[in-house]
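These are the residues of each chain, in order.
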Amino acid sequence: MDDSLANPPTTMRYLISVLRVILLSSYVNVLLVFVPVGIILGALDMSAYLVFVVNFLAIIPLASLLGFVTEELAKHVGQTLGGLLNATFGNAVELIVSIVALAKGEILIVQASMLGSILSNILLVLGCCFFAGGMIYQEQTFSNIVAQTMSSLMALATASLLIPAAFRATLDSVDGGIDEHRMLAVSRGTAVVLLIIYVLYLTFQLKTHVSLFETVDSSDEEPPSLSVFVCLFALTAVTVTVSVCAEYLVDSIDSIVVSTGLSKTFIGLIIIPIVGNAAEHVTAVMVAMKNKMELAIGVALGSSMQIALFLTPFLVILGWIINQPMSLFFSTFETAVLFVSVFITNAQIQDGISNWLEGAMLLGTYMIIAIAFFFYPSSL
């Protein structure tokens, strides 16, 4: 029998040390005080505005904990499986919130949050990385081979939204009406193709071309601070907690739309992505300020690519399974915004050099998009 389990004082000291490691993993964990408060407010059916704000703040540290525990677990299983774990759990909060919204039929929220997560990563996060790093270093360099591979996959993802939009427009002009069955069939078929491409990309990254990504994934490797059992238990507990907070968050959105006049698109595209990406944003900016631009770009573009090639098509297939009409059809305005954003991002990274002005340009683009969606009518 384990001595720590046989000896209660030793067990208590071990539990305290584990809690200390987890709670001190990030300064945003101070926001964990909002977790029980948010759950209680939601359970008591309190003010929708209060429920939304408190659970919004509660999910931020939970996202940070998910990232930390996943990194700890990845240290136990080796580089290949560890990379797969990071890819799977890297956007776990966005996935959980979207699944909850999808189950409730909030298709607009799901689509907006997916698009918003992509935009916040390639414009806001990458822009902050370029700007913050550029304030310290005159120029920063990075491997443009990996960056261009990721940006090419993002271009493919953009095409996967442009084609359904063009298909929809064609149906409207030819048939004089909208054929939802055809639209869903095209979306589901496209989703399957994107998931296959994502699997091929994982094979490319983790198996056949590992050397290309070594500089992106490499960091000062430290031994794991948590055991495998503790990691799995923590992952389960945090995931369940995020699901509960997400449930109350999504339930309050309709009331927030009515009381504030904000559109569901703005809430899903600008506000909700902040929840799942906050800890990731801080990490990317911090490593950029340490002149580790390849790691920063790997975080920003890698996360966007996972959302575009895995999460979004996965939600389309899940909607098919649970009989929710989730499609890859986005409005013309949303599709145009994504196209322009990917185009501008590709232009900034193609030379493998970054500076603060390029970061300001990306941030400016994101601000323009945020302003446009702030005034985006709820009825569209």
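Residues numbered from 1 in each chain as written. Predicted model: local features only at pLDDT ≥ 70, side-chain atom pairs only at ≥ 80, totals over all residues. Heavy atoms only, no water.

- An unreviewed UniProt entry annotates the chain as Sodium/calcium exchanger protein-domain-containing protein of Lipomyces kononenkoae.

1. Focus on the overall build of the chain
- Within the chain, the regular secondary structure consists of 16 helices and two strands.
- Taking all 380 residues of the chain together, the buried fraction comes to 49%.
- Look at the contacts in the chain between residues 6 or more apart in sequence, and 83% of them connect residues 24 or more apart.
- If you sum the accessible surface of the chain, you get close to 17300 Å²; carbon and sulfur atoms cover 69% of it. (Helix = DSSP H or I, 4+ residues; strand = E, 2+ residues; numbered from the N terminus. Buried < 20%, exposed > 50% of the residue type's maximum accessible area, 1.4 Å probe, protein only. Contact = heavy atoms within 4.5 Å. Areas by Shrake-Rupley, 256 points an atom, 1.4 Å probe, with all protein chains shown as cover.)

2. Brief notes about helix 14 (residues 293–321)
- Look at helix 14: 40 Å from first C-alpha to last across 29 residues, which is about the 42 Å you get at 1.5 Å a residue.
- Where burial is concerned, most of helix 14 is hidden: 23 out of the 29 residues are buried.
- Where helix 14 ends, the next residue or the one after it, N323, has phi of about 65°, a positive value. (Expected span 1.5 Å × (residues − 1).)

3. So, the nonpolar core
- Core analysis: the largest hydrophobic core is formed by 109 residues, its most contacted members being V93, L119, L126, F130, I267, L301 and L315.
- Setting aside residues no more than four positions away along its own chain, L301 makes contact with I122, L126, A147, M150, T345 and I349. (Core = buried A, V, L, I, M, F, W, Y, C linked by side-chain atoms within 4.5 Å.)

4. A word on the packing of helix 15 (residues 332–349) against helix 16 (residues 356–374)
- Here helix 15 crosses helix 16 at 175°, and the two axes come no closer than 10 Å. By the angle between their directions, the pair helix 15 and helix 16 is classed as roughly antiparallel. In contact with F333, E334, V337, S341, I344, T345 and Q348 of helix 15, helix 16 contributes E358, M361, L362, T365, I369, A372 and F373.
- Here the residues of the contact of helix 15 with helix 16 sort into eight nonpolar, four polar and two charged. (Axes fitted to C-alpha atoms, helices over the stretch in contact; angles between N-to-C directions. Parallel < 35°, antiparallel > 145°, perpendicular 65-115°, else oblique. Nonpolar A, V, L, I, M, F, W, Y, C, P; charged D, E, K, R; others polar.)

5. Thoughts on the packing of aromatic side chains
- In this structure the tally under the stated criterion is eleven aromatic pairs.
- A centroid spacing of 6.2 Å and a plane angle of 20° characterise the contact between F52 and F56, whose relative ring orientation is stacked. Of the two residues, F52 and F56 both sit in helix 4 (residues 48–77), four residues apart, roughly one turn of that helix. Note on accessibility: F52 and F56 belong to one class, buried. (Phe/Tyr/Trp six-rings, centres within 6.5 Å; stacked < 30°, edge-to-face > 60°.)

6. Considering the environment of Y376
- By the secondary structure assignment, Y376 is in the segment after helix 16.
- It is 6.8 Å that separates the C-alpha atoms of Y376 and S263, two residues lying 113 residues apart in sequence.
- Setting aside chain neighbours within four positions, we find Y376 in contact with S263, T265, S331 and F333.

7. Examining the state of the cysteines
- For the structure shown, the criterion picks out zero disulfides.
- Not part of a disulfide, C128 finds its nearest cysteine sulfur in C129, a span of 7.1 Å. (Disulfide = S-S within 2.5 Å.)

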